[in-house]
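# Examination of the molecular architecture
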Amino acid sequence: LLVSSMLIMPLNSISAASDTTSGQYSLDFSTASYTQKTMTVNGQSITFRAYENVVYVSNPVDTKYEIMNIYVPEQYYEGGTIGSYSADTAPIFFPNSIGGYMPAEPGSPGQGMGGGNNAALLALSKGYVVASPGARGRTTQDESGTYTGKAPAAIVDLKAAVRYLRHNDKIMPGDAEKIISNGTSAGGALSALLGASGNNPDYEPYLQAIGAADERDDIFAVSAYTPITNLDNANAAYEWEFSGINDYSKLEISTDTDYHIQRKTVKGTLTADQIQVSNELSAMFPAYVNSLNLKNANGNALTLDENGEGTFRDYLKSLVISSAQKALDSGTDLSDKSWITISNGKVTDINYDQYVQYLGRMKTPGAFDALDLSAGENQLFGTATTDTQHFTEYAQAHSTVADSTMADATTIKLMNPMNYIGTESTDTSKNWRIRFGTKDSDTANAISAILATTLKNKGYAVDFALPWDVPHSGDYDLQELFTWMADLTG
Ligand code: DHB
């Protein structure tokens, strides 16, 4: 196994691979190394033990990121219970902080983006053990400038963190058979990939290289907000969805000379060349959708014809109608949206083309595999020594970069949950919650719909919805998230 695995192992991990038996870091959780903390949740004080910056592999490549923060309610050390949970039965909430496929440090309980309690703090208050993993990302480098976080590093790290929790299940409060992963965007994609690919041996050589615990890495449940996933098909999906929308509004993030992060919206119109690329990519999407043999809840095939029309598009429209209906039922005024037809309190129709206009195009073609290698995802698929690569045949064939290269097929496969759901030698998570807002244009809504439908068709429990008018974001409906988790574990 070691010999064959060396061939597909990233260069940067070969030295680590030779030393997996005597790692630099112990995989045994040190129960005494904590600080006690108290925080207030809705007027109630919560005391917990904080085990922070725990290295979760024996041969880490980067101890800034291959670490986990673990938080345990103090009651569990006194034989107490919280709700229906005890030290033995408490589920482990596993939120990652990954965004943009960038490196991420572990998260901690506290305030959320909107000012309220974040998911980790709320989880503690409800009796969950919280384990928040860090992971390497697309820009991670070592001292010599070698890239150490290119694909598949982030998913390998998350799996290693899961294995660490299982390795220490007996001595740590919480039930490692009840790990619930949570993430948003790239973090949502990695949450989904973690759940899809449990125990699949494809990842084994990479896990061995960093000295991951020799344990299973399947998880109990997946929460994924706006997963930027299925990247090798997302280029075509995006152009199919935004076909004919030639004006775009791009968010550009840069750093100024003082290293301050600058965000600005850049408006533009696709050039004739870009429109041609859009048309060519869009034309590739129906064959992909049809190859999946998706079915709706009534068993009817979800397909697209060569013009990009068909039952799959009707299904997306029905999801947006359901979303609008839910908003209407909860008192949202929809009267300013002329593309929605409402009759007697029922959303009877929407004009889907006008909905897509209102949603608006954010990215230019190719949205994820950019022809000039400028997308974040091009950087994700780099190597130890090459910063950016293509990962679709189309972009490589039409690249505007003379000496561009393409990621190897194994790496591309390892990053896409669609390759693993319910496959042989895989223990795909049984429980899923997927959310993608109707005002999110960071990827096509088709990507979440394909993921959710594939899971449903293969018999997994999936709670999938497009929340009304929600832009690219996550953790905005924590009450509903926690109800879903309680229903699974209570
Ligand atoms: C994220 C957003 C994107 O538009 C993308 O392509 C990848 C990741 C993010 O927010 O994590």
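Refer to the structure above for everything that follows.
Since this is a predicted model, take the numbers as computed values, not measurements.

For the peptide bond that leads from Ala 151 to Pro 152, omega is 5 degrees, which places it in the cis range. Following the sequence through the fold, Pro 152 ends up in the loop between strand 5 (129-133) and helix 4 (153-167). For Ser 185, which is not a glycine, the phi torsion comes out positive at approximately 65 degrees. Looking at the element boundaries, Ser 185 is found in the loop between strand 6 (175-184) and helix 5 (186-196). Here Ser 425, not a glycine, exhibits a phi torsion of approximately 60 degrees, which is positive. Positionally, Ser 425 belongs in the loop between helix 13 (409-414) and strand 12 (431-435). What makes Ser 425 partly exposed here is its relative accessible area of 46%.

Right, let's get into the site of the ligand. Neighbouring the ligand are Gly 99, Gly 100, Ser 185, Ala 186, Ile 228, Lys 363, Phe 368, Glu 377, Asp 442 and His 472. With respect to the ligand, the side chain of Ser 185 contributes an N or O atom lying 2.6 Å from an oxygen atom. Within the side chain of His 472, a nitrogen or oxygen atom sits 3.0 Å from an oxygen atom of the ligand. Notes on the ligand: free accessible area 300 Å², of which the protein chains cover 82%. Residue composition of the shell around the ligand, by class: three nonpolar, four polar and three charged.

On to the pattern of salt bridges, then. Within this structure, the stated rule accounts for 23 salt bridges. Linking Glu 204 and Arg 163 is a salt bridge whose minimum nitrogen-to-oxygen distance equals 3.0 Å. Remark: Arg 163 occurs in helix 4 and Glu 204 occurs in helix 6 (residues 204-209); sequence separation between them is 41 residues. Glu 204 sits in the buried class, given a relative accessible area of 18%. The exposure class of Arg 163 is buried, given its relative accessible area of 5%. For Arg 216, the salt bridge is made with Glu 177, and the minimal N-O distance between the two is 2.9 Å. Here the residue Arg 216 occupies a position in the loop between helix 6 and strand 7 (221-225), and Glu 177 occupies one in strand 6, the gap between them amounting to 39 residues. Judged by its relative accessible area of 38%, Arg 216 falls in the partly exposed class.

It is worth spelling out the packing of helix 7 (residues 231-241) against helix 14 (residues 445-457) at this point. Put simply, helix 7 and helix 14 touch, their axes get as near as 8 Å, and they point 120 degrees apart. Taken as axis vectors, helix 7 and helix 14 run oblique relative to one another. On helix 14, the residues touching Asn 233, Ala 234, Ala 237, Trp 240 and Glu 241 of helix 7 are Asn 445, Ala 446 and Ile 447. Among the residues making up the contact of helix 7 with helix 14, the classes are represented as five nonpolar, two polar and one charged.

Let us look at the pairing of strand 11 (residues 346-350). Two strands pair when backbone bridges link them, and strand 10 (residues 340-343) and strand 11 are joined in this way by four bridges, in the antiparallel orientation. Bridging across to strand 11, Thr 341 finds its partner in Asp 349. Joining the antiparallel neighbours strand 10 and strand 11 is a turn of two residues, in which Asn 344 adopts a positive phi near 50 degrees.

With that settled, the discussion passes to the environment of Leu 251. Relative to the helices and strands, Leu 251 is located in strand 8 (residues 247-255). When the C-alpha atoms of Leu 251 and Val 266 are compared, they prove to be 6.3 Å apart, with 15 residues separating the residues in sequence.

What follows deals with the packing of aromatic side chains. Inspection of the entire model under this criterion finds 21 aromatic pairs. Look at Trp 240 and Phe 312: their rings are 5.9 Å apart centre to centre, the planes differ by 45 degrees, and that puts the pair in the tilted class. Separated by 72 residues along the polypeptide, Trp 240 in helix 7 and Phe 312 in helix 9 (residues 311-329) bring together distant segments of the chain. Here Trp 240 falls in the buried class, since its relative accessible area comes to 7%. Taken together through their ring pairs, the aromatic side chains of Trp 339, Tyr 352, Tyr 355, Tyr 358 and Trp 468 make up a single cluster.

Take the sheet that holds strand 13 (residues 461-465) next. Pairing is mixed across the open sheet formed by nine strands, whose spatial order is 1-2-3-5-4-6-7-12-13. Of all the strands in the sheet, the pair left with one neighbour each is strand 1 (35-41) and strand 13. Geometrically, the sheet is characterised by an average inter-axis angle of 20 degrees between neighbouring strands, direction not taken into account. Pairing between strand 2 (residues 44-55) and strand 3 (residues 67-73): six bridges, direction antiparallel.

What follows is about the nonpolar core. Formed by 135 residues in total, the largest nonpolar core has its most connected members in Ile 70, Phe 285 and Phe 312. The leading source of residues in this core is helix 4, at nine residues. Among residues more than four places away in sequence, those in contact with Ile 70 are Phe 29, Arg 49, Ala 50, Tyr 51, Val 54, Val 129, Val 130, Ala 131, Tyr 164, Leu 165 and Met 172. Judged by nonpolar contacts, the second largest core, of five residues, contains Val 277, Leu 371, Tyr 394 and Ala 395.

Right, let's talk about the packing of helix 7 against helix 8 (residues 272-291) for a bit. Two elements in contact, helix 7 and helix 8, have axes separated by 7 Å at closest approach and are oriented at 110 degrees. Comparing the axis directions of helix 7 and helix 8 gives the class roughly perpendicular. In contact with Asn 233, Asn 235, Ala 236, Ala 237, Glu 239 and Trp 240 of helix 7, helix 8 contributes Ser 278, Leu 281, Ser 282, Met 284, Phe 285 and Tyr 288. When its residues are assigned to classes, the contact of helix 7 with helix 8 shows seven nonpolar, four polar and one charged.

The buried count for strand 4 (residues 91-95) comes to five of five residues, which makes it a mostly enclosed element. Side-chain alternation along strand 4 places Pro 91, Phe 93 and Pro 95 on one buried face and Ile 92 and Phe 94 on a second face that is also buried. Bridge analysis of strand 4 against strand 6 gives five bridges, and the strand direction is parallel. Bridge pairing links Phe 93 to Ile 180 in strand 6. The handedness of the strand 4 to strand 5 crossover, carried by helix 3 (residues 119-125), is right-handed.

Cut-offs and rules
Residues numbered from 1 in each chain as written. Predicted model: local features only at pLDDT ≥ 70, side-chain atom pairs only at ≥ 80, totals over all residues. Heavy atoms only, no water. Helix = DSSP H or I, 4+ residues; strand = E, 2+ residues; numbered from the N terminus. Buried < 20%, exposed > 50% of the residue type's maximum accessible area, 1.4 Å probe, protein only. Near = heavy atom within 4 Å. Polar contact = N/O pair within 3.5 Å; in protein donor to acceptor, adjacent residues only side chain to side chain. Areas by Shrake-Rupley, 256 points an atom, 1.4 Å probe, with all protein chains shown as cover. Nonpolar A, V, L, I, M, F, W, Y, C, P; charged D, E, K, R; others polar. Salt bridge = Lys/Arg side-chain N within 4 Å of Asp/Glu carboxyl O. Axes fitted to C-alpha atoms, helices over the stretch in contact; angles between N-to-C directions. Parallel < 35°, antiparallel > 145°, perpendicular 65-115°, else oblique. Contact = heavy atoms within 4.5 Å. Pairing = 2+ DSSP bridges. Phe/Tyr/Trp six-rings, centres within 6.5 Å; stacked < 30°, edge-to-face > 60°. Core = buried A, V, L, I, M, F, W, Y, C linked by side-chain atoms within 4.5 Å. Right-handed = clockwise from strand over helix to strand, strands pointing away.

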